[in-house]
Amino acid sequence: MRVSIVGGGIAGLTCALSLHAAGFRPRVSEAARTIEAVGVGINLLPHAVRELAELGLADELAAIALPPQRLSYRDRAGEPVWEESLGLAAGYQWPQYSVHRGHLHVMLLAAVRERLGPHAVRTGLRFQRFEQTTDGVRAHFLDRSNGAPTVEDADVLVGSDGIDSAVRARLHPDEGPSRWNGVHMWRGVARYPHILDGRSIVVAGGTPGAKFVAYPIEDPATEGGEALLNWVLEVRHGPSAEPRDRANRRITTTEAHAGLADWNLPWIDPTTLVERSSAIFEYPMLDRDPLPRWSFGRVTLLGDAAHPMFPMGMNGGSQSIVDARVLAWCLARDGDPVAALRRYDHTRRPTVNAIVLANRELGPEEIIARAAERGGTLPTGEAEKIANRYRELAQATVAQVNTHPSWEVSRTPATD
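Quick caveat, the model's predicted, so the values are computed rather than measured. (Residues numbered from 1 in each chain as written. Predicted model: local features only at pLDDT ≥ 70, side-chain atom pairs only at ≥ 80, totals over all residues. Heavy atoms only, no water.)

Student: Would you mind going over the nonpolar core with me for this structure?
Tutor: General note: in soluble globular proteins, nonpolar side chains tend to be found buried as a group. In this structure, Leu 61, Leu 104, Leu 108 and Leu 331 are the most contacted members of the largest nonpolar core, which totals 79 residues. Element by element, the count of residues in this core is highest for helix H8 (residues 316-333), at 9 residues. Residues Leu 86, Val 232, Ile 367 and Leu 378 belong to the second largest nonpolar core, which totals 28 residues. (Core = buried A, V, L, I, M, F, W, Y, C linked by side-chain atoms within 4.5 Å. Buried < 20%, exposed > 50% of the residue type's maximum accessible area, 1.4 Å probe, protein only. Helix = DSSP H or I, 4+ residues; strand = E, 2+ residues; numbered from the N terminus.)

Below, the structure written as structure tokens:
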């Protein structure tokens, strides 16, 4: 079976690896002319790490990532509100990882090219449209190197091309633009000494637009030395119909110093953090309304193209990886691609749609907001109840992750 994947991000590359492991012939078409190690930090929760490990990437992932052991919610003064263990320390059979998004991206790209061949990922191809028949689908692209149109015939087309997905726009032409909540995220990476115990993800503040996040994404070369620290400052600019800037505007050091001036966190020096950041960029906090349907015949959506969500609960990238594994499993289990995509849709969409909506209500970070309203820590058991409810919704409790049957598919010869 030939599968055309539109989009060569983390979700698209994981999809290619999953489909190849199941015996299919995927090919990835990416609009960018080159794929480089750019971006900032990302967290992979144990349910995603399990899927990458079952793809044979456990060692490669461990080599580029740091396994945090604690999530620490704090108030604006940096005082603890609530904490919990993460990954192996919480009882999962797989770790959680904090990693530079660009390093993860390049690692996945190398694995795809090694396993599927050097031409499995084509760059500089912008998706235009598709048409499908009862026995196939034809995708049309524009070759950005020469402006020439090109086509690809496949049995299945997967739109994995992000929040502004061109494939999604074809499937849902009346949907309109993405949804902005009035918050911009100023994101940077700096070489900085480990904060707290060097194994913590710190989320301080409360509601979106009044929050600071920091976590290391690598270990220092020497004990007590400096390492890459990912940080995010959320800034609210007030409600608007459209984000004022979708171009990932570069933030000046003067702006960053002013934005952090009201924060008094005893375990970090904002001035030093800003000065050591190689670059600081502004990203609007966006999502889209949940869709009633992803799959139409031989075409479906995956990752942010299917379910872009606000970054509460660290779930966006992790759920995209699970998408890829479930899609491959469904295609391997059903000889009819249309039925397989329908099954994938019914399996994944209700869960991630619920996460999208939960993240609009702060997800597990509701704990910080409630503590701020209360003026101190929550009553015993209340924070745990909120966190566990969110994990159950995401199908990511320790029991769910450790005991869920594998999405692994026995390898069969690739089918045309």
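Back to the write-up after that little detour.
Student: When you look at empty space enclosed by the protein in this model, what are you seeing that I'm missing?
Tutor: It is a probe the size of a water molecule, rolled over the atoms, that shows where empty space is left. Using the criterion set out here, one finds 1 cavity of 30 Å³ or more in the structure. What lines the largest cavity is Ser 18, Ala 21, Ala 22, Arg 325, Ala 328, Trp 329, Trp 407, Glu 408 and Val 409. Where the lining of the largest cavity is concerned, the elements lending two or more residues are helix H1 (10-21) and H8. Broken down by element, the residue count for the lining of the largest cavity peaks at 3 residues, all from H8. Partitioned by chemical class, the residues of the lining of the largest cavity number 6 nonpolar, 1 polar and 2 charged. (1 Å grid on protein atoms, 1.4 Å probe; cavity = no way out; pocket = protein on both sides within 12 Å on 5 of 7 lines; lining within 4 Å. Points joined across faces, edges and corners; volume = space filled by probe spheres on them. Nonpolar A, V, L, I, M, F, W, Y, C, P; charged D, E, K, R; others polar.)

Student: How should I be thinking about the sheet that holds strand S4 (residues 65-66) in this particular structure?
Tutor: Consider a sheet: its strands pair through backbone hydrogen bonds, and that pairing is either parallel or antiparallel. If you walk across this open sheet you meet the 3 strands as S3-S7-S4, and the pairing is antiparallel. Each edge of the open sheet is held by one strand with a lone partner, namely strand S3 (41-44) and S4. The pairing of S4 with strand S7 (residues 97-100) spans 2 bridges and is classified as antiparallel. Within S7, the residue paired with Leu 66 across the bridge is Ser 98. (Pairing = 2+ DSSP bridges.)

Student: Can you walk me through the environment of Val 203 in this structure?
Tutor: Along the polypeptide, Val 203 turns up in strand S14 (residues 200-205). As for Val 203 and Tyr 215, which are separated by 12 residues in sequence, their C-alpha atoms are 8.9 Å apart. Once residues lying within four places of it in the same chain are set aside, the contact partners of Val 203 are Leu 71, Ser 72, Tyr 73, Arg 74, Lys 211, Phe 212, Val 213, Glu 365 and Ile 368. (Contact = heavy atoms within 4.5 Å.)

Student: Looking at this structure, how should I read helix H4 (residues 101-116)?
Tutor: An α-helical turn contains 3.6 residues, so a residue and the one three or four places further along point in the same direction. If you check H4, its first and last C-alpha atoms are 22 Å apart, about what 16 residues at 1.5 Å a residue would give, namely 22 Å. What H4 keeps buried is the set Gly 102, Leu 104, His 105, Met 107, Leu 108, Leu 109, Ala 111 and Val 112. Where H4 is buried, its residues contact H1, S3, helix H2 (46-54), helix H3 (58-64), S7 and strand S8 (121-123). (Expected span 1.5 Å × (residues − 1).)

Student: Sorry if this is basic, but what is going on with the side chain of Asp 143 here?
Tutor: Mapped onto the fold, Asp 143 is located in strand S10 (residues 136-143). Residues contacting Asp 143, with those up to four places away along its chain left out, are Gly 124, Leu 125 and Ala 148.

Student: Is there a simple way to explain the packing of H1 against H4 in this structure?
Tutor: For any two helices packed against each other, the geometry comes down to the angle between their axes and how far apart the axes lie. Between H1 and H4, the least distance of the axes is 9 Å, while the angle of their chain directions is 30°. Classed by the angle they form, the pair H1 and H4 counts as roughly parallel. Considering only the axes of H1 and H4, their crossing is left-handed. Each of Ile 10, Leu 13, Thr 14, Ala 16, Leu 17 and His 20 in H1 lies in contact with H4, whose residues at this interface are Arg 101, Leu 104, His 105, Leu 108, Leu 109, Ala 111, Val 112, Arg 115 and Leu 116. By residue class, the composition of the contact of H1 with H4 is 10 nonpolar, 3 polar and 2 charged. (Axes fitted to C-alpha atoms, helices over the stretch in contact; angles between N-to-C directions. Parallel < 35°, antiparallel > 145°, perpendicular 65-115°, else oblique. Left-handed = near helix turned anticlockwise from the far one by under 90°.)

Student: Would you explain the pattern of salt bridges in this entry?
Tutor: Two side chains of opposite charge can pair, provided their charged atoms sit close to one another. If you walk through the whole model with that rule in mind, you get 30 salt bridges. Two residues, Asp 289 and Arg 360, come together in a salt bridge whose shortest N-O distance is 2.7 Å. Placement of the pair is Asp 289 in the loop between strand S17 (277-287) and strand S18 (299-301) and Arg 360 in helix H9 (residues 337-360), with a sequence separation of 71 residues. The class of Asp 289 is partly exposed, set by a relative accessible area of 45%. A single network of salt bridges, built from pairs that share partners, joins Arg 50, Glu 51, Glu 54, Arg 325 and Glu 408. (Salt bridge = Lys/Arg side-chain N within 4 Å of Asp/Glu carboxyl O.)

Student: How should I be thinking about the sheet that holds strand S2 (residues 25-30) in this particular structure?
Tutor: Spatially, the 5 strands line up as an open sheet ordered S8-S2-S1-S12-S18, and their pairing is parallel. Lying at the two open borders of the sheet, with one neighbouring strand each, are S8 and S18. Across this sheet, the average inter-strand angle for adjacent strands is 20°, counted without regard to direction. Here 4 bridges tie strand S1 (residues 2-6) to strand S12 (residues 156-159), and the two strands are oriented parallel to one another.

Student: Looking at this structure, how should I read unusual backbone geometry?
Tutor: Peptide bonds are trans in most cases, and residues, glycine excluded, mostly fall at negative phi. Positive phi, close to 50°, is recorded for Leu 196, a residue that is not glycine. Here Leu 196 is to be found in the loop between strand S13 (179-193) and S14. Accessibility expressed as a relative area gives 34% for Leu 196, which makes it partly exposed. With a phi angle near 60°, Met 314 is a residue other than glycine that sits in the positive phi range. Within the secondary structure, Met 314 sits in the loop between S18 and H8. Residue class for Met 314 comes out partly exposed when judged on its relative accessible area of 24%.

Student: Is there a simple way to explain the packing of aromatic side chains in this structure?
Tutor: The way to describe two aromatic rings as a pair is by their centre distance and the angle between their planes. Using the criterion set out here, one finds 6 aromatic pairs in the structure. A centroid spacing of 6.2 Å and a plane angle of 45° characterise the contact between Phe 212 and Trp 263, whose relative ring orientation is tilted. Pair noted here: Phe 212 is in strand S15 (residues 211-216) and Trp 263 is in the loop between helix H6 (253-260) and helix H7 (270-276), with a separation of 51 residues, a long-range link. For Trp 263, a relative accessible area of 8% corresponds to the buried category. With a centroid separation of 5.1 Å and 80° between ring planes, the pair formed by Trp 329 and Trp 407 is classed as edge-to-face. A residue pair is termed long-range when its members are at least 10 positions apart, and Trp 329 in helix H8 and Trp 407 in the segment after helix H12 (398-403) qualify at 78 residues. (Phe/Tyr/Trp six-rings, centres within 6.5 Å; stacked < 30°, edge-to-face > 60°.)

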